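So the chains spell out like this:
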Amino acid sequence: MSSITSLNHLNLSHNLLSGPIPTINQFSTFSDPSIYEGNLGLCGLPLSANCSNPNDQNHKHDQDEEDDEDGWYMTWFFISMAMGFSVGIWAVGGSLALNKS
């Protein structure tokens, strides 16, 4: 997005964006902080949040913990899905084998 050069209006509010706001090309012309409203993870001009704020590292650490937790849930989701698939296959295949004999 930072390579955009001809944009009249931009509204990125409430999109859960995070990180520094680009300051090159067209982004340097957007000086209204309301276009970034609702994106608590954004930092840099025109917002008052400085990107080198130590709270950003704490936020990143919290985000890493959430990612680890999500990974754990996904692992168990796939394990249970594999077990369900196996039971389903055996139930269908077993019933067909019993009906055949």
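Residues numbered from 1 in each chain as written. Predicted model: local features only at pLDDT ≥ 70, side-chain atom pairs only at ≥ 80, totals over all residues. Heavy atoms only, no water.

1. Overview of the overall build of the protein chain
Here is the rule: Only DSSP runs of H or I covering at least 4 residues are called helices, and only runs of E covering at least 2 are called strands; the numbering of each starts at the N terminus. Three labels apply to residues, based on accessible area from a 1.4 Å probe with only protein chains included: buried if under 20% of the type maximum, exposed if over 50%, partly exposed otherwise in between. It only takes one pair of heavy atoms within 4.5 Å for two residues to be counted as in contact. Only the protein chains shown count as cover for residues, with accessible areas throughout obtained via the Shrake-Rupley method and a probe of 1.4 Å.
Secondary structure assignment for the protein chain yields one helix and two strands. Reading the secondary structure of the protein chain in the N-to-C direction produces β-β-α. Within the protein chain, the fraction of its 101 residues that count as buried is 13%. Put simply, of all contacts in the protein chain between residues at least 6 apart along the chain, 28% involve residues at least 24 apart. Surface exposure of the protein chain reaches about 8200 Å², of which carbon and sulfur atoms provide 61%.

2. Some points on the state of the cysteines
Short version of the rule: To count as a disulfide, a pair of cysteine sulfur atoms needs to be within 2.5 Å.
Throughout the structure, instances matching the rule amount to one disulfide. In this model, Cys43 is linked to Cys51 through a disulfide, with the two sulfur atoms separated by 2.3 Å. One disulfide, between Cys43 and Cys51, carries an S-S torsion of 105° and so falls in the right-handed class. Accessibility expressed as a relative area gives 32% for Cys51, which makes it partly exposed.

3. Brief notes about the environment of Pro22
The residue Pro22 is located in the loop between β1 (18-20) and β2 (41-43) in this model. With 21 residues separating them along the chain, Pro22 and Cys43 place their C-alpha atoms 9.7 Å apart.

4. Here's the deal with the nonpolar core
Stated precisely, the cut-off is as follows: Only buried residues count toward a nonpolar core. Its members are Ala, Val, Leu, Ile, Met, Phe, Trp, Tyr and Cys residues joined through side-chain atoms within 4.5 Å.
In this structure, Leu10, Leu12, Ile21, Phe30, Ile35, Tyr36, Leu42 and Leu47 together form the largest nonpolar core, which totals eight residues. In this structure Leu47 touches Ile21, Pro33, Tyr36 and Leu42, once residues within four positions along its chain are discounted.

5. Focus on the packing of aromatic side chains
Inclusion rule: Pairing of aromatic rings covers Phe, Tyr and Trp, the last through its six-membered ring, and needs centres within 6.5 Å; plane angles under 30 degrees mean stacked, over 60 mean edge-to-face, and all others mean tilted.
Applying the stated criterion across every chain, the model contains one aromatic pair. Aromatic side chains Phe77 and Phe78 sit 5.3 Å apart centroid to centroid with 65° between the ring planes, which places their arrangement in the edge-to-face category. Judged by its relative accessible area of 42%, Phe77 is partly exposed.

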